Amino acid sequence: MFSKAKDIQRAFSHIRIFTLLVVTASFGFCCFALYKSYQITQTAHSRVFVLADGKVLQAYASERKDNVAVEARDHVGNFHRFFFTLDPDEKAIQASVVKALYLADGSAKKQYDNLRESGFYTSLISGNISQKIVIDSVKIDTDVYPYYFRCIASQQIIRATSIVTRSLITEGYLRTVSRSDHNPHGFLIERWMTLENKDISSQVRGAGLSPIF
């Protein structure tokens, strides 16, 4: 009788140990499943899908501080392209300049007003002159806020008979503002000024070309 009682007690002891192992393993599995679910959720949140030209492209979200220099250079480049790339069409000039002025403060508006009052835009239209800019480099100092920048570029003034190339160097500062459709990078150019804008070469158009009959 006592032997049977010991066997039953031993069986119950084994059952308790087995149950404890099962519960422990189940708890560990649940913790692991929760951790992996959290990781998957975080990864999903870091994915951004962009629709461009009918194609879905995947991008990854990141902290703004990781991309400040890249976004700042693109902002400065876009501003200069909008401000200086012009065609002899009043509406096209106005549309391009308006885009540029969304990216800068009153210092850019002041330069635009000076050019307009001096008849610069009128001479482009009346002379059928196009102006294009090529950004050579944009240097950004992100160690001190607002961020100082210097833009080095070259301009081409395209006339009916010649192409004049000019060097252009500007500088200014960038401060952060809210992002918008007109200002996707969320920067605003301040204290913008032109340090250099001078002719470096001139080329006669059509030189060396034979007429075609």
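Residues numbered from 1 in each chain as written. Predicted model: local features only at pLDDT ≥ 70, side-chain atom pairs only at ≥ 80, totals over all residues. Heavy atoms only, no water.

### Observations regarding the nonpolar core
Move 1: Judged by nonpolar contacts, the single largest core of 31 residues is most densely connected at F79, F83, Y121, I140, L174 and W192.
Move 2: Of all the secondary structure elements, the ones that give two or more residues to this core are α2 (68-84), α3 (90-101), α4 (106-117), α5 (120-126), β3 (130-141), β4 (147-158), β5 (162-176) and β6 (187-204).
Move 3: When residues in this core are grouped by element, the largest group, six residues, is from α2.
Move 4: Not counting residues within four places of it along the chain, the set of residues in contact with F83 comprises A100, A108, Q111, Y112, L115, Y121 and W192. (Core = buried A, V, L, I, M, F, W, Y, C linked by side-chain atoms within 4.5 Å. Buried < 20%, exposed > 50% of the residue type's maximum accessible area, 1.4 Å probe, protein only. Helix = DSSP H or I, 4+ residues; strand = E, 2+ residues; numbered from the N terminus. Contact = heavy atoms within 4.5 Å.)

### Remarks on the pattern of salt bridges
Move 1: Applying the stated rule across the entire model yields six salt bridges.
Move 2: The salt bridge partner of R179 is E71, with a shortest N-O separation of 3.0 Å. Residue R179 is found in the loop between β5 and β6, and its partner E71 is found in helix α2; the two are separated by 108 residues along the sequence.
Move 3: When the shortest N-O distance is used, the salt bridge between D113 and R116 registers 3.2 Å. On the criterion of helical spacing, the pair formed by D113 and R116 is a turn pair, its members being three residues apart in helix α4. (Salt bridge = Lys/Arg side-chain N within 4 Å of Asp/Glu carboxyl O.)

### Side note on the confidence of the model for the protein chain
Move 1: Scored by pLDDT, the protein chain has a mean of 83; 77% of the residues are at 70 or more.
Move 2: Note that pLDDT drops below 50 for residues 208-213; the model gives that stretch zero contacts with residues more than four away or on any other chain. (pLDDT = per-residue confidence, 0-100.)

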